[in-house]
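If you want the building blocks of each chain, they are given just below.
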Amino acid sequence: MKSQFLLYLKGFAMGSADVVPGVSGGTMALITGIYTQLLDSIKSVDAAAVKLLVTFQWTSAFERIHWRFLGVLLAGLFSAILFFTRVVPLPELIHSHPVQVYGLFFGLILGSVFIVGKEAAPFDLRAIAFTTLGVAIGFWVVNLVPTETPEHPLFIFFAGSIAICAMVLPGISGSFILLILRKYDYVLGQFALLGGPETLSALGVLVPFGLGVLTGIALFTRFLSWLLHHYGKATMAVLIGFMIGSLWVIWPWQSRVYETVRGQEKLIHSEPILPVVGTPEFYWGIGMMAVGFFIVLILESAARRSR
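Here, residues in each chain are numbered from 1, in the same order as that chain's written sequence. Given that the model is predicted, a residue must reach a pLDDT of at least 70 before its local features are reported, and side-chain atom pairs must reach 80 or more before they are shown or counted; all residues, however, enter totals for whole chains, interfaces and linings. To obtain the side-chain values, all non-hydrogen atoms of the structure were included, while hydrogens and water were left out.

Peer 1: Quick rundown of the overall build of the protein? Include the residues and the values.
Peer 2: Secondary structure is summarised from DSSP: a helix means a run of H or I of at least four residues, a strand means a run of E of at least two, and numbering begins at the N terminus for each. Along the protein, the regular secondary structure elements total 15 helices and two strands. The quantity called the radius of gyration is restricted to C-alpha atoms. Its globule counterpart is 2.2 Å times the number of residues to the power 0.38. Its C-alpha atoms give the protein a radius of gyration of 19 Å, near enough to 19 Å, the size a compact globule of 307 residues would have. Each principal axis of the C-alpha atoms in the protein carries an extent, and together these give about 65 × 55 × 35 Å. Three exposure classes are used, based on accessible area relative to the maximum for each residue type with a 1.4 Å probe and protein chains only: buried under 20%, partly exposed in between, and exposed over 50%. Looking at the protein residue by residue over its 307 residues, the buried ones come to 49%. Whether two residues are in contact is decided by their heavy atoms, any of which lying within 4.5 Å being enough. Sequence separation of at least 24 residues holds for 76% of the intrachain contacts in the protein that already meet a minimum separation of 6. Note that accessible areas follow from Shrake-Rupley with a 1.4 Å probe, and for residues the cover is restricted to the protein chains shown. Working note: accessible area of the protein is about 15200 Å², and carbon and sulfur atoms make up 72% of it.

As structure tokens, this is what we get:
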């Protein structure tokens, strides 16, 4: 029960990270020591397992699928998403307290780079080259300019399939991909509507999004797992680069431009600026960075003891 509860907490950490643009649930999986196990568990839901399920050979199917690991992890992940969209509206806090929220997650990403870099050491010239490539790709992705996009179910399906690929990658957030696609508030807002009079309307968005997530994760995780098993050090170097590249958009002090659409504020442009030393925002940002960094160290220490 202790190990299952710890796994639930790791899932909750992944879900919490996925709610915030710029932070990846894959980062949380990496620093808590379940990243490779996560990919292998997702891979266990293959065509043969699906065939067993649809032909009602459930005993054989569950012997093939890593259902205990996935079930507990997903329970924690969805609990976090519901908690931070319905109980504590984290997407709203990003607008009202950006320095504190982004300071916390900057510290989380910085701590992740430190932990994962320590695990991947020593670095040779080849690893440095792959890390540089990862930095360039991550920097390019997080600096894409958001554009207006449709709300058609096919596009929502596409957004889900792309976002889940980013969620699995440490350092690049699926939520930020949704923000780039102008679907962050739109999709996450549907979770808050579940259980109310607009439940059917919300499901009309979440169902195609969920189908896109399943499609993307079924295809992408197999490729990523293959890379980790065959080119582990090079792949980890690129992933570390992704995390470093994402720090640009997580920098707490930014000049942010919003526009109001249907009563909701949406971020349309963000550019890092230097903080003014001595102001409350400066101390809040530095303090929350430190909190985030030490949270990562604590999580990594707890994960190491549990292995």
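Peer 1: Outline the pattern of salt bridges, supporting the account with residue identities and numerical values.
Peer 2: One speaks of a salt bridge when a side-chain nitrogen belonging to Lys or Arg is within 4 Å of a carboxyl oxygen belonging to Asp or Glu. Under the counting rule described, the total for this entry stands at one salt bridge. The partner of Asp46 in a salt bridge is Arg64, with the nearest N and O atoms 2.9 Å apart. Of this pair, Asp46 sits in the loop between helix H3 (35-43) and helix H4 (47-54) while Arg64 sits in helix H5 (residues 58-64), and the two are 18 residues apart along the sequence.

Peer 1: Can you break down H3 residue by residue, with the values?
Peer 2: Taken as a whole, H3 has its buried residues at Tyr35, Leu38, Leu39, Ser41 and Ile42. End-on view of H3: buried residues confined to an arc of 160 degrees, all on one side of the axis. In the core, the buried residues of H3 are packed alongside helix H1 (2-19), helix H2 (25-31), helix H6 (67-87), helix H10 (153-168), helix H13 (199-230) and helix H14 (232-250). By construction, the arc corresponds to the directions joining the helix axis to the C-beta atoms.

Peer 1: Before we move on, can you summarise helix H12 (residues 184-191) with the specific residues and values?
Peer 2: Within H12, seven of the eight residues are buried, leaving the element largely enclosed by the surrounding structure. Taken residue by residue, H12 has Tyr184, Asp185, Tyr186, Val187, Leu188, Gln190 and Phe191 as its buried positions.

Peer 1: I'd love a proper account of the nonpolar core, names of residues and values included.
Peer 2: Working definition of a nonpolar core: buried Ala, Val, Leu, Ile, Met, Phe, Trp, Tyr and Cys residues. They are joined through side-chain atoms within 4.5 Å. Core analysis: the largest hydrophobic core is formed by 82 residues, its most contacted members being Met14 and Tyr35. At 12 residues, helix H8 (residues 98-120) tops the list of elements feeding residues into this core.

Peer 1: Run through the environment of Phe157, naming residues and quoting values.
Peer 2: If you trace the backbone, Phe157 turns up in helix H10. Each C-alpha atom of the pair Phe157 and Val213 lies 7.6 Å from the other, and the pair is 56 residues apart in sequence. In this structure, Phe157 is in contact with Pro208, Leu211, Gly212 and Thr215, ignoring residues within four places of it in sequence.

Peer 1: So what's going on with a nonpolar patch on the surface? Which residues, and what values?
Peer 2: Without a salt bridge and with relative accessible area above 30%, a residue can belong to a patch; like charges are then joined within 9 Å and nonpolar side chains (Val, Leu, Ile, Met, Phe, Trp, Tyr) within 5 Å. Where nonpolar side chains cluster on the molecular surface, the patch consists of Phe157, Leu200, Leu203, Val207, Leu211 and Leu214 and spans about 570 Å² of accessible area. Looking at the nonpolar patch element by element, the count peaks at five residues for H13. Classification of Leu214 by relative accessible area gives exposed; the value is 56%.

Peer 1: Please give an account of the layout of surface pockets that cites residues and values.
Peer 2: The definitions used throughout rest on a 1 Å grid laid over the protein atoms alone, on which a cavity is an enclosed set of points accommodating a 1.4 Å probe that cannot get out and a pocket is an open set flanked by protein within 12 Å on both sides along at least five of seven lines; lining residues are those having an atom within 4 Å of a point. Grid points are joined across faces, edges and corners, and a volume is the space filled by probe spheres set on the points. If you add up the space inside the largest pocket, you get close to 940 Å³. Around the largest pocket sit 36 residues that line it, and Leu74, Phe78, Ile164, Val213 and Ile217 are the ones nearest its centre. Mapped by element, the contributors of at least two residues to the lining of the largest pocket are H1, H2, H3, H6, H10, helix H11 (174-180), H12 and H13. Top contributing element to the lining of the largest pocket by residue count: H13, with 10 residues.

Peer 1: Account for the packing of aromatic side chains, naming residues and giving values.
Peer 2: Each pair of aromatic rings taken from Phe, Tyr and Trp, with Trp reduced to its six-membered ring, is defined by centres within 6.5 Å and is described as stacked if the planes are under 30 degrees apart, edge-to-face if over 60, and tilted in the remaining cases. In this structure the tally under the stated criterion is 15 aromatic pairs. Ring centres 6.5 Å apart and planes at 15 degrees place the aromatic pair Phe5 and Tyr8 in the stacked group. Here the residue Phe5 and the residue Tyr8 both occupy positions in helix H1, the gap between them amounting to three residues, near one helical turn. Counting every residue linked through ring pairs, the aromatic cluster contains Phe106, Trp251, Trp253, Phe282 and Tyr283. A cation sits over an aromatic face here: Lys183 above Tyr186, 5.9 Å from the ring centre. A ring has a charge above it when a Lys NZ or an Arg CZ is no more than 6 Å from the ring centre and no more than 35 degrees off the ring normal.

Peer 1: Pulling in residues and values, what's your account of unusual backbone geometry?
Peer 2: Unlike most non-glycine residues, Phe56 shows phi in positive territory, near 65 degrees. Along the polypeptide, Phe56 turns up in the loop between H4 and H5.

Peer 1: Run through the environment of His97, naming residues and quoting values.
Peer 2: With respect to the helices, strands and loops of the structure, His97 is situated in the loop between helix H7 (90-96) and H8. For His97 and Cys165, which are 68 residues apart along the polypeptide, the C-alpha to C-alpha distance reads 28 Å.

Peer 1: Can you explain the packing of H10 against H13? Please cite residues and give values.
Peer 2: Running from N to C, H10 and H13 point in directions that differ by 40 degrees, and their axes come no closer than 7 Å. Accordingly, the angle class assigned to the pair H10 and H13 is oblique. Considering how the two elements wind past one another, H10 and H13 form a crossing that is right-handed. Together, Pro153, Ile156, Phe157, Ala159, Gly160, Ser161, Ile164, Cys165 and Val168 of H10 and Val205, Pro208, Phe209, Leu211, Gly212, Val213, Thr215, Gly216, Ile217, Phe220, Thr221 and Leu224 of H13 make up the contact between the two elements. By the convention adopted, Pro, Cys, Tyr, Trp, Phe, Met, Ile, Leu, Val and Ala count as nonpolar, Lys, Arg, Asp and Glu as charged, and the other residues, Gly among them, as polar. Taken together, the residues of the contact of H10 with H13 sort by class into 15 nonpolar, six polar and no charged. Simply put, an axis is a line fit to the C-alpha atoms, just over the touching stretch for a helix, and the angle between two N-to-C directions goes from 0 to 180 degrees. Small angles under 35 degrees read as roughly parallel and large ones over 145 as roughly antiparallel, with 65 to 115 read as roughly perpendicular and the rest as oblique. In this scheme the handedness of a crossing depends on how the near helix is turned from the far one: anticlockwise by less than a right angle means left-handed, clockwise means right-handed.

Peer 1: Any chance you could break down the side chain of Ser44 for me, citing the residues and the numbers?
Peer 2: With respect to the element layout, Ser44 can be found in the loop between H3 and H4. Here Ser44 is in contact with Ala49, Arg64, Ile65 and His66, once residues within four sequence places are set aside.

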